[in-house]
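# Geometric and topological summary
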Amino acid sequence: MKGRFRAITQVSLALLLSLSLGLVTALPSLADEAEHESASITPEQAEYDLDDPKAVSTRIDWNDATEVISIADDKGDEPEYTVEDHYDGTATLTINDSYLKDRLDDIGESVDLTIQFNVGDPATFTITAIGTHPSIDPPEAEYDLDAEDVPVETNITWRSATRVVSVSEVDDDGTVVRTLRKHWDYDVDVRPDTLRILPYYFRRSRETNIGDVIMLRIDFDRGNPVFFGITATGTVSATIDPEEVDFPVDKPDYIETRITWHDATYIRFIRDEYNYKLTSDEYTLWHRRDYSLLFIGDDYLSRLERIEVPVELTIQFNVGEPATFTITPPGDLTTIDPDQAEYDLDRPVALNTTITWGTATEVVSIVDDADPPYTLVGEGEEPDYTVTTIYDEDCVDTGTATLTINHSYLKNKLTDIVGEHASVELTIDFRFDDATFTIKATGVQPRLSPPKVEYDLFIEGHDVETNIIWGSAGSLDSIVDGDGYELTGADYSVVGATLTINNSYLVTRLTDLGQTVELTIDLDVGGHVTFTIEAAGTPPKITRIKPEGGLYCRVNRHNVEVGIDLGSAASVESIYEEIYEPGRRTLTRDPLSEDSDYTLEYHDDGSSMATLTILGKNETDYLAERLTGHRESVELKIEFSNVRDPLPLTIRTGCFIATAAYGTPMAEEIQVLREFRDGYLLTNAAGQALVAFYYRVSPPIAEFITGHPGLKPIVRAGLVPAVAMSALVVDTTRAEKAAMVGFLVVALGAVTIWATRRHTRGT
């Protein structure tokens, strides 16, 4: 008996000590440490000269500090430094050049150093890189378009810079047009310091004309970029006017243009686009004071009648660029209206346009833009196109015709409303002219409704569905996921407008909340649509359990109440106990019976909550029959109707001292102790250790108290200071809590002496 009483007294003492320790650790220090005056540095900012790199120093006024603990930059790196103490309350802090040369690479860069002293606040030392920007001389130069293999040069004054990083061509807004390649477009010679823009770069820029300016931006490893302007110079080419004339239908002897020579003096040759070089008999020059007339004679014009115009003549002069002289079809241009049309895949019919002939009288050919091009057939039983002359009411030719592109051609050419099969461009040749007729397929774009769904990870056999709004499409060609895997017939099904992605596919792709699968669905018309499936769901979980920890106190039988959040589950299907069979390593299920072993109540507030009560009040209830010894437990599994994994629930025997003393776990005093435990003891390592010790030794002592009711008043008396102190700690200010520390020490000794003497008299 004395041993049991001694144990009760020790546990009560441990409770009071743990409560006091929790309070002390939770309170701020009653006496604040006297504030120390922080060290300071002068100056707080300094410069690091890239032209003359060396260590950077500042003076430290120690004040109450005595040493530098650490220095770190804004990247967390620790620089190399020295501190020279002058023993007069100051010191010199030097940041070594070995650190600065690696940390500060360019003019204007800076680093913030945080200097931590042994007392007080840290100081900040900012070091900024300075230096002289590089330059070039001259900043402008000329490039002779007539010259070959002659580079353009400028001299570099490096100053803080050490190398050229890049050379780029920029436009008027400073936007990079192209980046020059070293050793191909430019080169740098450091003896002497010269930048050369090589001829290959200018050959790549042949669109440059005389007077044009190329602006180059030169970026160095340090400092601002510089700009190098290069102006194109060279020989001014001869020009002709007009540059285009009509073919002489009425067959005059010649056509003419005027030449302004500029720097040129004579014609080297004239060649047409068929690589035919005109002879001296086929053209003539008549010289005037400021210009010359060029005549193309009938000897060459008769040749054009055989090969059909238009034609371009290239006139090459002795210097400068050649001129182009174009001979075009005569008269009015042949046109079509409209020059664009739509082919409706939902209602496919032939398409028409109207030809206004002009000088032309027939369609020579129609060619589409396929690769290779296809020439449409205009004759036969099923032609690709037809041309029908339009007459007025008096049967007079109106000079127009109807061009019909037949459905027999269009149905094979235009099969989609997106991609390469969604449009075709037809080039119609009228001999002296041509026109373009563009036809675009139209229709209703297919889509999904909804385009994104959720896949519940916790529902067994869960397929997902979406509806296909077919539009102009008629069938589904393929489904491919983001990993390039093409789904097979076992992975999905299409019934009418419903697309179903089977669980057998999804269960291998989606295993964690938030994961997604993006499926690309290709249809026969309309390209593809995207279907996104995201892993979601809420697993069932236990939200609360009474008594805490799932303890069943067999000496004062009670039910165990469990709060359950069903999550994605629809309902509880069964509750069973897993039992190991003797001599076997397998588990067997021992199902519990509803109403006799447990009750289940679903909340009717629209939430997913339910209350499960495992019965144990009566001696015939499940817990009373199942848990009959000390430190026994049952492992229950809660199985849900549509969730893969059951939810585990453990109930073990055991009572706590406070519960045994007050006779019920719901007593107000116990609730106060719980709040103090959660708010103060469990927030620190020492309190957690004491609580764990209490949980370990409490159940057997609680059973002893329950079996000896005469001890309950003594234990309750011993807990009075703990309960009172806990209530004050939870509901009082910091100053009141501090005063309680001293009181608890006195109260602890008084209660212990009183309980010991009373027990001695009773004995």
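Up top is the structure.
For every chain, the first residue of the written sequence is number 1, and numbering continues from 1 along that sequence. Where local features are concerned, this predicted model is filtered to residues with pLDDT of at least 70; where side-chain atom pairs are given and counted, the filter is 80 or more; whole-chain, interface and lining totals use all residues. In computing side-chain properties, one takes all heavy atoms of the structure into account and sets aside hydrogens as well as water.

### Details of the overall build of the chain
Convention followed: Here a strand is any run of E in DSSP of at least two residues, a helix any run of H or I of at least four, and the numbering for each starts at the N terminus. Two residues qualify as a contact provided that any one of their heavy atoms is within 4.5 Å of a heavy atom in the partner residue.
A tally of regular secondary structure across the chain gives 12 helices and 50 strands. Taking all contacts inside the chain whose residues are at least 6 apart in sequence as the whole, residues at least 24 apart take part in 61%.

### Remarks on the sheet that holds strand E5 (residues 81-85)
Quick reminder of the rule: Two strands qualify as a pair provided DSSP detects at least 2 bridges between them. Only the stretch in contact is used when fitting a helix axis, every axis being a line fitted to C-alpha atoms; angles between N-to-C directions are given from 0 to 180 degrees.
Strand order in this open sheet of four strands is E1-E3-E6-E5, and the pairing throughout is antiparallel. With partners counted over all chains shown, the strands left at the sheet margins are strand E1 (40-42) and E5, one partner each. The sheet shows a mean angle of 30° between the axes of neighbouring strands, taken without regard to direction. In the sheet, E1 pairs with strand E3 (residues 56-61) via three bridges, with the strands oriented antiparallel. Residue pairing for E3: Ile-41 is matched across the bridge by Ile-60.

### Some words on the sheet that holds strand E18 (residues 239-241)
Spatially, E18-E20-E23-E22 is the arrangement adopted by the four strands of the open sheet, whose pairing is antiparallel. Pairing within the sheet leaves two strands with one partner each, and these edge strands are E18 and strand E22 (283-287). Pairwise comparison of adjacent strand axes, ignoring direction, gives a mean angle of 30° for this sheet. For E22 and strand E23 (residues 292-297), the ladder comprises five bridges, and the chain directions are antiparallel. Paired with Tyr-283 across the two strands is Ile-296, which belongs to E23.

### Here's the deal with the packing of aromatic side chains
Each aromatic ring pair is described using two quantities: the centre-to-centre distance and the angle formed by the ring planes. The test is simple: Aromatic rings from Phe, Tyr and Trp, taking only the six-membered ring of Trp, are treated as a pair when their centres fall within 6.5 Å; an angle between ring planes under 30 degrees marks them as stacked, one over 60 as edge-to-face, and anything in between as tilted. Think of it in three bands: residues with accessible area under 20% of the maximum for their type are buried, residues over 50% are exposed, and the middle band is partly exposed, with areas taken using a 1.4 Å probe on protein chains only.
Across all of its chains, the model carries 12 aromatic pairs by this definition. Pairing Trp-286 with Phe-295 gives two aromatic rings, centres 4.9 Å apart and planes at 65°, and the pair type is edge-to-face. You can call Trp-286 partly exposed: its relative accessible area is 46%. Overall, the relative accessible area of 11% leaves Phe-295 in the buried class. Taking 6.1 Å as the distance between ring centres and 10° as the angle between the ring planes, the aromatic pair formed by Tyr-374 and Tyr-409 counts as stacked. One end of the pair, Tyr-374, is in the loop between strand E29 (365-367) and strand E30 (385-391); the other, Tyr-409, is in helix H5 (residues 407-413), with 35 residues separating them in the sequence. Judged by relative accessible area, Tyr-374 falls into the partly exposed class, the value being 36%. Judged by its relative accessible area of 5%, Tyr-409 falls in the buried class.

### A few points about the side chain of Asp-344
Note the cut-off: Pairing of N or O atoms within 3.5 Å defines a polar contact, subject to two protein rules: one partner must be a possible hydrogen donor and the other a possible acceptor, and residues neighboring in sequence count only if both atoms are side-chain atoms.
Its place among the elements puts Asp-344 in strand E27 (residues 340-344). On the basis of relative accessibility, which here comes to 19%, the residue Asp-344 falls in the buried class. From its side chain, Asp-344 meets the backbone nitrogen of Asp-346 in a polar contact 2.9 Å long. Not counting residues up to four positions away in its chain, the partners in contact with Asp-344 are Thr-442 and Gly-443.

### Quick word on the side chain of Asp-219
Among the structural elements, Asp-219 can be located in strand E16 (residues 213-220). Side chain to side chain, Asp-219 and Arg-217 meet in a polar contact 3.0 Å long. The contacts of Asp-219, once residues within four sequence positions are left out, are Val-164, Val-165, Ser-166 and Pro-225.

### Quick look at the nonpolar core
Our working definition: Remark: nonpolar core denotes a set of buried residues (Ala, Val, Leu, Ile, Met, Phe, Trp, Tyr, Cys) joined through side-chain atoms within 4.5 Å.
Counting residues in hydrophobic clusters, the biggest one holds 79 residues, and the most contacted among them are Ile-405, Ile-439, Ile-501, Ile-533, Leu-612 and Ile-651. Excluding its chain neighbours within four sequence positions, the residues that come into contact with Ile-439 are Ala-341, Tyr-343, Leu-351, Ile-405, Leu-410, Leu-414, Ala-422, Ser-423, Val-424 and Leu-426. Within the second largest apolar cluster, 25 residues are counted, among which are Ala-39, Leu-50, Ile-60 and Leu-113.

### Re the pattern of salt bridges
Quick note on the threshold: A pair is scored as a salt bridge if a Lys or Arg side-chain nitrogen falls within 4 Å of a carboxyl oxygen belonging to Asp or Glu.
Following the criterion strictly, the structure yields 17 salt bridges and no others. Two residues, Arg-196 and Asp-189, come together in a salt bridge whose shortest N-O distance is 3.6 Å. For Arg-196, a relative accessible area of 24% translates into the label partly exposed. With relative accessibility at 28%, the residue Asp-189 sits in the partly exposed group. When salt bridges that share partners are traced, they join Asp-73, Asp-74 and Arg-103 into one network.

### Details of the pairing of strand E47 (residues 598-602)
For E47 and strand E48 (residues 609-614), the ladder comprises five bridges, and the chain directions are antiparallel. From the neighbouring strand, Glu-601 faces E48, where its bridge partner is Thr-611. Where E47 folds back onto E48 in an antiparallel hairpin, the turn is made up of six residues, including Gly-606, whose phi is positive at roughly 85°.

### What to know about unusual backbone geometry
That bond from Ser-449 to Pro-450 is cis: its omega, 0°, falls within 30 degrees of zero. Mapped onto the elements of the fold, Pro-450 is located in the loop between strand E34 (447-449) and strand E35 (452-456). A cis amide bond, omega -5°, links Lys-546 with the succeeding residue Pro-547. Inspection of the secondary structure puts Pro-547 in the loop between strand E42 (541-546) and strand E43 (551-552).

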